[in-house]
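One-letter residues, chain by chain:
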Protein chains: 2
Amino acid sequence: MKIAIMGCGVVGSGVYEIVRDMSERLYKGCSDEISVKYILDKKNLDEEKKALQINDINIIANDPEVGVVVEAMGGINPAFDFCLKCLNSGKSVVSSNKQLVAEKGEELFEAAKKNNVSFRFGASVCGGIPVIRTLFYGLAANDISSFEGILNGTSNFILTKMIKDKMTNSAALKLAQENGYAEKDPTDDIEGYDAARKTAILCSVCFGKHIYPDEIRTEGITGISSEDVEYVDSFGAKIKLIGRGKRLENGKIYAVTAPAVIDGNDLISGVEGVFNAVKIKGNKVGEVFLYGPGAGKDATAGAVVADVLDCVRAPGFDSTYSWKNGTKNDVLKFDEYETSLYVRGYVKDKNRAVSAIRENFDEVKFLSRNNAPENEIAFLTEKKKEKDLRTAIDFIDGFTPATVIRVN
Amino acid sequence: MKIAIMGCGVVGSGVYEIVRDMSERLYKGCSDEISVKYILDKKNLDEEKKALQINDINIIANDPEVGVVVEAMGGINPAFDFCLKCLNSGKSVVSSNKQLVAEKGEELFEAAKKNNVSFRFGASVCGGIPVIRTLFYGLAANDISSFEGILNGTSNFILTKMIKDKMTNSAALKLAQENGYAEKDPTDDIEGYDAARKTAILCSVCFGKHIYPDEIRTEGITGISSEDVEYVDSFGAKIKLIGRGKRLENGKIYAVTAPAVIDGNDLISGVEGVFNAVKIKGNKVGEVFLYGPGAGKDATAGAVVADVLDCVRAPGFDSTYSWKNGTKNDVLKFDEYETSLYVRGYVKDKNRAVSAIRENFDEVKFLSRNNAPENEIAFLTEKKKEKDLRTAIDFIDGFTPATVIRVN
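To keep things clear, this report deals only with the structure shown in the data block. Because the structure is predicted, anything quoted here is derived from the model rather than measured.

Here we take up the packing of aromatic side chains. Residues and elements named next belong to chain A. Counted by the stated rule, this structure contains 35 aromatic pairs over all chains. Through a chain of ring-to-ring contacts, the aromatic side chains of Phe 109, Phe 119, Phe 121, Phe 136, Tyr 137, Tyr 321 and Trp 323 assemble into a single cluster. Between the NZ or CZ atom of Lys 104 and the centre of the ring of Phe 80, over which it lies, the distance is 4.8 Å. Positioned above the aromatic ring of Tyr 321 is the side chain of Arg 120, whose terminal nitrogen or guanidinium carbon lies 4.8 Å from the ring centre.

Here it is in structure tokens:
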């Protein structure tokens, strides 16, 4: 079986190396040896890869020897067109591209189904952790009711440094950039866009219909301060950027990607640094928790190769590994959901603000930290529809909110 | 596709119920509807199940409509013969029976291969956690270098109660029995035999050749006392019953099931109650950690049904999901491995014993606990071949060891 690799960056070259070096053990379940025939890329490749380099997608599409195509280009254009072309030419496609899957998954499944080939994307969420295949296959006998996960290593690294080493948000970001964990433009990671794409994919996998990133309430970690970390630490909890999806009793889906206050006894709270983790609830299994590296060349490339091996073993379309079309009505407006909130802000007159807060909420727990300035106040609210809580916050007399975080 | 269930105890009846109630979603990836045609059991079943009850294995073996047979009988006899008969009649077999898989896995794979059918056993280790399929498929691009896991919920419940609620070992066992977590005869769970079978299966899966339970050094938790829990807590660690396998540089396998001292920062140390968890190291992925319910009717039955669905989708033999024959030379003698030890014991003359201990070890760290009797002593040793450490312990003048536990 020959494979083609589209996009020879970090993941693509990792896939090339694993396939080149793979022992007989790796493809023992496949009918024959697997090797890379083409690498589609425009940039200069090293001598070894240059021998396989092409820059015309039609060479792949028209070569009957190629059975599986790996898409590791990133972005939508031209990745989407190229994947469609491959599927429509009867080739299975394995993608590590979360943007593509989150935006175009349903269309790619349609094409895969029409051509009776496979479309797989295990590496697009949580890199080396086999979350996608666990949801589709390992928990196949379950109805999944909810998931929550740390889906972005960069933001988790920053929060971990803030929590464990008392760094400021900006110093932790700088360290992440110096260590190569954050891009020069870190927007996608720290504003939650990357995690929201993965949340969208997990929602689609768990609940069986395509949920798009723009349907998911998305908040980043840029507003989280050392003060917040300290207040949350005061009751043994931790702030984590969480992607969450939940199937509600009315059939709607609750989907949010945002910082959350996580209890210190929750396994998720112990996930540190660039690691990822997902907690899944199923009606048969109860709770399952998966943890591992969310990125990295070898971990991600290994997940791609695992999918390639699946495609070689079972090249036809597998509707178990797919989702259906969604509608804009599937997702609940985020602030209709019941939660409690952590709130920090500034006051003019502390005593007056405290009374106003007590008046506006049924249950409130004030928090304290060492050396807090006189005009700072932080508290936890009761559990209620978020929009009602937000209205109550707006109406606290003489109070300017600085941070609002949902409590798990 | 018709299936048959052999053994209608907790797991078997759970499988029956899931298949009976399964929606179209569950078998959407399969060619047709799945239903139970036969239940093989000798005991009295309820009216509903009685309609499907048989007590002759040949009815299953000779019925061409039956494609997959679930073995949930437990034990070796007659489960082994029945499974062989089914495989040899061209039926795929799914087993939740760890004893069968640990003792007879290689022979069953041989029969499956010969008849080009599937033999799967995801539910035999860690119940609802998809560990086996993660190792075979999700981490297919990896060479697994080691695993360690909490593989027995009963013993973990007992240890958790000792650690968190300061219960004695015997009181915690009694509570486990009252809660239905431990059998009236708890030997298999508390002496480590159950965990050793699962360790054997995981070794075989990870390292590709059949490792048998009797090749694995096995120690239970009956010797662990509240005093040990307290000493280990004094340096922030926890005692857990761990199944461990490691591929060594000389090609040998280190395999032990025994209490171990686990660092408090290790995710494994946070696994409490009847839950199970496994940490896996692969050469591509680094570290992956899986956590969830290790037993329970629905969780285990759900794992069986996931395997049944795999068999329906891919009925042929898949050598990726198999291991080869092993030899008695594959496993290192346990005390040839380098570890450090926690040691607790009794002395006649404390000062003399302390000097003797300092003399017998290169590095030693004495431990303390509140209200320790004058004649008690506990310490951690340097890392060294276990047999050398054990010899050194034997030669401490005036010292009677009570507990020895390996430190991770």
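Before going further, it helps to spend a moment on the pairing of strand 2 (residues 35-40) of chain A. Residue and element names in this part refer to chain A. Summarising the sheet, strand 1 (residues 2-6) and strand 2 pair through five bridges and their orientation is parallel. The partner of Lys 2 across the bridge, within strand 2, is Ser 35. As paired strands, strand 2 and strand 3 (residues 53-54) are joined by two bridges and run parallel to one another. Bridging across to strand 3, Leu 40 finds its partner in Ile 54.

Bringing the sheet that holds strand 3 of chain A into the picture now. Residue and element names in this part refer to chain A. Strand order in the open sheet made by the six strands is 3-2-1-4-5-6, with parallel pairing throughout. Each end of this open sheet is capped by a strand with a single partner; those strands are strand 3 and strand 6 (119-120). Two strands pair when backbone bridges link them, and strand 5 (residues 92-95) and strand 6 are joined in this way by two bridges, in the parallel orientation. Bridged to Val 93 within strand 6 is Phe 119.

Opposite the 38 residues of chain A that make contact, chain B presents 38 residues. Roughly 3400 Å² of surface becomes buried between chain A and chain B when both sides are summed, with 56% attributable to carbon and sulfur atoms. Remark: the boundary between chain A and chain B carries two salt bridges. The shortest N-O distance in the salt bridge between Asp 318 of chain B and Arg 313 of chain A comes to 3.9 Å. At the boundary of chain A and chain B, one finds six residue pairs in polar contact (both at pLDDT 80 or more). Classifying every residue of the side of chain A that touches chain B gives 18 nonpolar, 10 polar and 10 charged. For strand 12 (residues 286-293) of chain A and strand 12 (residues 286-293) of chain B, the ladder comprises three bridges, and the chain directions are antiparallel. Its bridge partner being in strand 12 of chain B, Tyr 291 of chain A is matched across the sheet by Phe 289 of chain B.

All names here are of chain A. Contact geometry of helix 4 (residues 79-88) with helix 5 (residues 98-114) gives a least axis separation of 9 Å together with a crossing angle of 15°. Classified by the interaxial angle, the pair formed by helix 4 and helix 5 is roughly parallel. Viewed along their axes, helix 4 and helix 5 form a crossing whose handedness is right-handed. Seen from helix 4, the contacting residues are Ala 79, Phe 80, Cys 83, Leu 84, Leu 87 and Asn 88; seen from helix 5, they are Leu 100, Lys 104, Glu 107, Leu 108, Ala 111, Ala 112 and Lys 114.

Further remarks concern the relation of the copies chain A and chain B. Superposing chain A onto chain B takes a rotation of 180° combined with a translation of 0.0 Å along the rotation axis, leaving an RMSD of 0.0 Å. Here the symmetry operator amounts to a two-fold rotation axis. Nearest to the rotation axis, the C-alpha of Leu 290 of chain A is located 2.4 Å from it, this being the minimum over chain A. In this assembly the copies share their binding face: 100% of the residues contributing to the interface of chain A also contribute to that of chain B.

Residue and element names in this part refer to chain A. The full count for this structure, using the stated rule, is 75 salt bridges over all chains. Taking the shortest distance from any N to any O, the salt bridge between Lys 209 and Asp 330 comes out at 3.6 Å. Of the two residues, Lys 209 sits in the loop between helix 10 (193-207) and strand 8 (217-218) while Asp 330 sits in the loop between helix 12 (297-313) and strand 13 (338-347), which places them 121 residues apart along the sequence. A relative accessible area of 25% places Lys 209 in the partly exposed class.

With that settled, consider the environment of Glu 110 of chain B. With respect to the helices, strands and loops of the structure, Glu 110 of chain B is situated in helix 5 (residues 98-114). For the pair Glu 110 of chain B and Leu 87 of chain B, spaced 23 residues apart in the sequence, the C-alpha separation amounts to 9.7 Å.

A few words on the pairing of strand 5 (residues 92-95) of chain B. All names here are of chain B. Neither face of strand 5 is open: one carries Ser 92 and Val 94, the other Val 93 and Ser 95, and all of them are buried. As paired elements, strand 4 (residues 66-71) and strand 5 share four bridges and run parallel to each other. If you follow Val 69 over to strand 5, its bridge partner there is Val 93. The parallel pair strand 4 and strand 5 is bridged by helix 4 (residues 79-88), and the resulting crossover is right-handed. What joins strand 5 to strand 6 (residues 119-120) is helix 5, and the crossover it makes is right-handed.

Attention shifts here to helix 5 of chain B. Residues and elements named next belong to chain B. In a regular helix each residue adds 1.5 Å, so 17 residues correspond to 24 Å; helix 5 covers 22 Å between its end C-alpha atoms and thus fits that length. Lys 104 marks where helix 5 bends most, by close to 80°. Within helix 5, burial applies to Leu 100, Val 101, Ala 102, Gly 105, Glu 106, Leu 108, Phe 109, Ala 111 and Ala 112. Buried-residue contacts for helix 5 involve strand 4, helix 4, strand 5, strand 6 and helix 10 (193-207). The distance from a side-chain oxygen at the start of helix 5 to the backbone nitrogen of Gln 99 is 3.2 Å, and the residue carrying that oxygen is Asn 97.

So, on to the sheet that holds strand 6 of chain B. Residues and elements named next belong to chain B. The six strands are arranged 3-2-1-4-5-6 in an open sheet whose pairing can be described as parallel. Strands at the two margins of the open sheet, each flanked by one partner only, are strand 3 (53-54) and strand 6. Where strand 1 (residues 2-6) lies against strand 4, five bridges are found, and the strand directions are parallel. Residue pairing for strand 4: Ile 3 is matched across the bridge by Val 68.

Residues and elements named next belong to chain B. The set of residues buried in helix 4 consists of Ala 79, Phe 80, Phe 82, Cys 83, Cys 86 and Leu 87. Buried residues in helix 4, looked at end-on, bunch into an arc of 165°, giving them a common side. Two residues or fewer after helix 4 comes Gly 90, characterised by a positive phi angle close to 85°.

Quick look at empty space enclosed by the protein now. One way to see where empty space is left: roll a probe the size of a water molecule over the atoms. Under the criterion given, the structure shown has six cavities of 30 Å³ or more. Taken as a whole, the largest cavity holds about 80 Å³ of empty space. Around the largest cavity, the lining residues are Gly 138 of chain A together with Gly 122, Gly 127, Gly 128, Ile 129, Pro 130, Ile 132, Arg 133, Ala 303, Ala 306, Asp 307 and Tyr 321 of chain B. Secondary structure elements with two or more residues in the lining of the largest cavity: helix 6 (131-138) and helix 12 (297-313) of chain B. Ranked by residues supplied to the lining of the largest cavity, first place goes to helix 12 of chain B with three residues. One number sums up the size of the second largest cavity: a volume of about 60 Å³. Around the second largest cavity, the lining residues are Gly 122, Gly 127, Gly 128, Ile 129, Pro 130, Val 131, Ile 132, Arg 133, Ala 303 and Asp 307 of chain A together with Gly 138 of chain B. Taken together, the elements giving at least two residues each to the lining of the second largest cavity come down to helix 6 (131-138) and helix 12 of chain A. The element contributing the most residues to the lining of the second largest cavity is helix 6 of chain A, with three residues. In the lining of the second largest cavity, the residues fall into five nonpolar, four polar and two charged.

Quick notes on the rules
- Residues numbered from 1 in each chain as written.
- Chains lettered and ligands numbered in written order.
- Predicted model: local features only at pLDDT ≥ 70, side-chain atom pairs only at ≥ 80, totals over all residues.
- Heavy atoms only, no water.
- Phe/Tyr/Trp six-rings, centres within 6.5 Å; stacked < 30°, edge-to-face > 60°.
- Lys NZ or Arg CZ within 6 Å of the ring centre and 35° of its normal.
- Pairing = 2+ DSSP bridges.
- Helix = DSSP H or I, 4+ residues; strand = E, 2+ residues; numbered from the N terminus.
- Contact = heavy atoms within 4.5 Å.
- Buried area = accessible area lost by both parts, 1.4 Å probe.
- Salt bridge = Lys/Arg side-chain N within 4 Å of Asp/Glu carboxyl O.
- Polar contact = N/O pair within 3.5 Å; in protein donor to acceptor, adjacent residues only side chain to side chain.
- Nonpolar A, V, L, I, M, F, W, Y, C, P; charged D, E, K, R; others polar.
- Axes fitted to C-alpha atoms, helices over the stretch in contact; angles between N-to-C directions.
- Parallel < 35°, antiparallel > 145°, perpendicular 65-115°, else oblique.
- Left-handed = near helix turned anticlockwise from the far one by under 90°.
- Least-squares fit on C-alpha atoms with pLDDT ≥ 70 in both.
- Buried < 20%, exposed > 50% of the residue type's maximum accessible area, 1.4 Å probe, protein only.
- Right-handed = clockwise from strand over helix to strand, strands pointing away.
- Expected span 1.5 Å × (residues − 1).
- Bend = angle between axes of the 7 residues up to and from the residue.
- Arc of directions from axis to C-beta.
- 1 Å grid on protein atoms, 1.4 Å probe; cavity = no way out; pocket = protein on both sides within 12 Å on 5 of 7 lines; lining within 4 Å.
- Points joined across faces, edges and corners; volume = space filled by probe spheres on them.

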